[in-house]
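Reading the structure
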Amino acid sequence: MTVLTKHFLIIDTSTERGGIAYGSPQEIICFRELPFGPVQSKHLMPYISEMLAPFPFPPPLDAIGVGVGPGSYTG
């Protein structure tokens, strides 16, 4: 079975240098690195909101991928 993903959101807080990305299989549309260290969870949701603000609401989103840790947010 083939799964066709058009747009995705990737969230990785499993290391001290986390990041979030929005894109498609053809391109990363935007990427934002989270602050270094254990304060990632404080910035995660505001950064996602800022990143997706230029797109229609709700933004096109077919999949969400996450780094499951351990890490600042998942730990």
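Just so it is clear, the structure is predicted and the values come from calculations on it, not from any experiment. (Residues numbered from 1 in each chain as written. Predicted model: local features only at pLDDT ≥ 70, side-chain atom pairs only at ≥ 80, totals over all residues. Heavy atoms only, no water.)

1. Structural notes on the sheet that holds strand S4 (residues 63–67)
For clarity, the threshold we go by: Should DSSP find at least two bridges between two strands, the strands are regarded as paired. For the purposes of this entry, the term helix denotes a DSSP run of H or I that reaches at least four residues, the term strand denotes a run of E that reaches at least two, and both are numbered from the N terminus. Between the N-to-C directions of two axes lies an angle of 0 to 180 degrees, each axis being a line fitted to C-alpha atoms and, for a helix, fitted only over the stretch in contact. Two residues form a contact once any of their heavy atoms are found within 4.5 Å.
What the four strands build is an open sheet, ordered S3-S2-S1-S4; its pairing is mixed. Two strands bound the open sheet, and with one partner strand each, they are strand S3 (27–33) and S4. Each neighbouring strand pair of the sheet contributes to a mean axis angle of 15°, computed without reference to strand direction. Pairing geometry for strand S1 (residues 8–12) and S4, over five bridges, is parallel. Bridge pairing in S4 places Leu9 opposite Ile64. Strands S1, strand S2 (19–24) and S3 of the sheet are contacted by helix H1 (residues 40–52), whose axis makes an angle of about 25° with S2.

2. Let's talk about the pairing of S2
For the record, the criterion: Exposed residues in this analysis have more than 50% of their type's maximum accessible area, buried residues have under 20%, and partly exposed residues fall in between, with area computed by a 1.4 Å probe over protein chains only.
Counted residue by residue, S2 has six buried out of six residues, so it is predominantly covered. The two faces of S2 match: Gly19, Ala21 and Gly23 on one face and Ile20, Tyr22 and Ser24 on the other face are all buried. Relative to S2, S1 is paired through five bridges, and the arrangement is antiparallel. By the bridge assignment, Asp12 is partnered in S2 with Gly19. Hairpin geometry of S1 and S2 is characterised by an intervening segment of six residues between the two adjacent antiparallel strands. Taken together, the six bridges between S2 and S3 define a ladder with antiparallel strand orientation. Directly across from Ser24, in S3, lies its bridge partner Glu27.

3. Describing a nonpolar patch on the surface
Keep this limit in mind: Patches draw on residues past 30% relative accessible area with no salt bridge. Two like charges within 9 Å are joined, as are two nonpolar side chains (Val, Leu, Ile, Met, Phe, Trp, Tyr) within 5 Å. For the area figures, the Shrake-Rupley method with a 1.4 Å probe applies, and any residue is considered shielded solely by the protein chains shown. Within this document, salt bridges are pairs made up of a side-chain nitrogen of Lys or Arg and a carboxyl oxygen of Asp or Glu, the two lying within 4 Å of each other.
Together, Leu61, Ile64, Val66 and Val68 make up an exposed nonpolar region whose accessible area comes to about 390 Å². Mapped onto the fold, Leu61 is located in the loop between H1 and S4.

4. Here's the deal with the packing of aromatic side chains
The test is simple: Two rings from Phe, Tyr or Trp (for Trp, the six-membered ring) form a pair when their centres are within 6.5 Å of each other. A pair whose planes differ by under 30 degrees is stacked, one over 60 is edge-to-face, and the rest are tilted.
A complete count under the given rule lists one aromatic pair for this structure. When the centroid spacing of 4.9 Å and the interplanar angle of 50° are considered together, the rings of Tyr22 and Phe55 count as tilted. With Tyr22 in strand S2 and Phe55 in the loop between H1 and S4, the pair connects residues that are 33 residues apart, well separated along the chain. On the basis of relative accessibility, which here comes to 1%, the residue Tyr22 falls in the buried class.

5. Some thoughts on the pattern of salt bridges
Applying the stated criterion across every chain, the model contains two salt bridges. Across the salt bridge formed by Glu33 and Arg17, the nearest N and O atoms sit 3.5 Å from each other. Highlighted residues: Glu33 in strand S3 and Arg17 in the loop between S1 and S2, separated in sequence by 16 residues. Taking the relative accessible area as the measure of exposure, Arg17 reaches 44% and is therefore partly exposed. With a shortest N-O distance of 2.6 Å, Arg32 and Glu50 are connected by a salt bridge. In this pair, Arg32 is assigned in strand S3 and Glu50 in helix H1, connecting sequence segments 18 residues apart. For Arg32, a relative accessible area of 30% corresponds to the partly exposed category.

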